[in-house]
Amino acid sequence: MQTITTAAALRTVLSNQSGSVAFVPTMGALHDGHMALIAAAVASHDIVVASIFVNPTQFNESADLDAYPRTPEADADLLKAHGCNVLYLPEVKDVYPEGTGKSLTSTLGFGSLTARMEGANRPGHFDGVAQVVSRLLEIVQPDTLVMGQKDYQQVAVVRSMISQLGLRVELLVVPTVREVSGLAMSSRNRRLSIPETVAAAAINRHLSAVVAGLAAGWPARELEGMAFREIGTHPLLRPEYIEICDGDTLLPYQDGAPVREIVVATAVHCGPVRLIDNRLFAPSLAEEVNP
Ligand code: AMP
């Protein structure tokens, strides 16, 4: 695996290669969830490029940016062991040579996709995500961009951005990888104490209960209220939202509406971190998607 720190060097290396290129953008502190993305990329492409870049423009709280875990040596070892070919590890000035204020994506509109959930609770977050992903795509020029279902709203925003900018890149979405306890893997889990880690496993159990409620035909708003209250009774958990939305528009799901997919998404504070997770349900099949 080659480690490259500048966009110019990356372009030189990639333009001397032939074959399909898959790109896996990350913020590092890598875990098995990230490795599932690398495995999906390796399985279907000739060259796999991963990036590790803690993008300052998508953090709405500087304390969260400062505390974000950074483990570059271990990350490089993991990527190499899983068959990644190129690691792009840039400095902020390489990604944003004209400063972080300039963005290709400032003219885009995401409408209902960013109106709720992370969009409502983390002002500016998705502008930063769109900015960094569009810039990284400009640098890497992959055939396929690989992202995780764990960040469901992020995938929706990036899909919309690709379409609005007319970019020629496929989007490959990989199901969420979980701990044995059911807790969705996340770089932020490293900051949880043992009791907090045990408590955080309840988040997925409450999402399961909501999915079971949807399968049984219970009203969405009641399920949201019930899950929110129940998560809130746990002394180590503080729910920020739990929403049942149409997976395509990310507007609140209306009971009985003929939607392709329902997303049940939540953000929960646990100790020093804010965790997000989601589960998907297909009403036409009365079945969970990627359980
Ligand atoms: P991050 O480093 O958190 O920005 O994540 C980089 C990519 O890995 C994003 O596309 C995430 O959705 C994906 N990802 C993070 N955690 C998981 C997980 N537990 N399972 C699958 N994909 C994940």
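Keep in mind the model is a prediction, meaning the values are calculated, not measured. (Residues numbered from 1 in each chain as written. Predicted model: local features only at pLDDT ≥ 70, side-chain atom pairs only at ≥ 80, totals over all residues. Heavy atoms only, no water.)

1. Looking at helix α4 (residues 72-81)
Turning to α4, its buried residues number three or more, namely D75, A76 and L79. Buried residues of α4, viewed axially, fall in a sector of 100°; they line one side. Facing away from the buried side of α4, by more than 90 degrees, are the exposed residues E73, D77 and A81. Looking at the buried positions of α4, the neighbouring elements they touch are α2 (32-44), β3 (47-52) and β4 (86-88). Of the residues trailing α4, G83 is marked for its positive phi of about 90°. (Buried < 20%, exposed > 50% of the residue type's maximum accessible area, 1.4 Å probe, protein only. Helix = DSSP H or I, 4+ residues; strand = E, 2+ residues; numbered from the N terminus. Arc of directions from axis to C-beta. Contact = heavy atoms within 4.5 Å.)

2. Let's talk about helix α7 (residues 125-140)
End to end, α7 covers 22 Å across 16 residues, agreeing with the expected 22 Å (1.5 Å per residue, within 8%). Where burial is concerned, most of α7 is hidden: 14 out of the 16 residues are buried. With its phi angle positive at about 50°, Q141 sits one or two positions after the end of α7. (Expected span 1.5 Å × (residues − 1).)

3. With respect to the pairing of strand β5 (residues 144-148)
For β5, the tally of buried residues reaches five of five residues, placing the bulk of the element in the interior. Neither face of β5 is open: one carries T144, V146 and G148, the other L145 and M147, and all of them are buried. Relative to strand β6 (residues 170-174), β5 runs parallel, the two sharing five bridges. Bridging from a neighbouring strand, M147 pairs with V173 of β6. At this point the chain moves from β5, through helix α8 (residues 152-165), to the parallel β6, and the crossover so formed is right-handed. (Pairing = 2+ DSSP bridges. Right-handed = clockwise from strand over helix to strand, strands pointing away.)

4. A look at the side chain of T57
Within the element layout of this structure, T57 appears in the loop between β3 and α3 (62-67). Residue class for T57 comes out buried when judged on its relative accessible area of 19%. Of note is the side chain of T57, whose polar atom sits 3.4 Å from the side chain of Y96. A polar contact is formed between the side chain of T57 and the side chain of Q131, at a distance of 2.8 Å. Not counting residues within four places of it along the chain, the set of residues in contact with T57 comprises Y96, T100, G124, G128 and Q131. (Polar contact = N/O pair within 3.5 Å; in protein donor to acceptor, adjacent residues only side chain to side chain.)

5. Re the sheet that holds strand β8 (residues 262-270)
As summarised here, the arrangement of the four strands in space is β7-β8-β9-β10, forming an open sheet in which the pairing is antiparallel. With partners counted over all chains shown, the strands left at the sheet margins are β7 (237-246) and β10 (287-289), one partner each. Strand-to-strand twist of the sheet, defined as the mean angle between neighbouring strand axes without regard to direction, takes the value 25°. Bridging between strand β9 (residues 273-282) and β10 involves three bridges; their strand directions are antiparallel. By the bridge assignment, A282 is partnered in β10 with E287. The strands that helix α10 (residues 220-232) touches are β7 and β8; relative to β7, the one it contacts most, it runs at about 165°. (Axes fitted to C-alpha atoms, helices over the stretch in contact; angles between N-to-C directions.)

6. Details of the pairing of strand β2 (residues 21-26)
One face of the sheet, then the other: side chains in a regular strand alternate in exactly this way. With five of six residues buried, β2 lies mostly within the body of the structure. Here two bridges tie β2 to β5, and the two strands are oriented parallel to one another. Bridge pairing in β5 links F23 to L145.

7. A look at the domain arrangement of the protein
Taken domain by domain, the protein holds domain 1 (2-174) and domain 2 (187-284). Distance from the C-alpha centre of domain 1 to the C-alpha centre of domain 2: 25 Å. Taken together, the two surfaces of domain 1 and domain 2 that pack against each other cover about 2100 Å², and 51% of this comes from carbon and sulfur. Looking at the side of domain 1 facing domain 2, the largest losses of area belong to R116, M117 and Y152, adding up to 34% of the total buried there. Here R274 and E118 are joined by a salt bridge, their closest N and O atoms 2.8 Å apart. Viewed at the interface, domain 2 and domain 1 are joined by 14 residue pairs in polar contact (both at pLDDT 80 or more). Put simply, the parts of the chain that give the side of domain 1 that touches domain 2 at least two residues each are α3, α6 (117-121) and α8. (Domains from an automatic or database assignment. Buried area = accessible area lost by both parts, 1.4 Å probe. Salt bridge = Lys/Arg side-chain N within 4 Å of Asp/Glu carboxyl O.)

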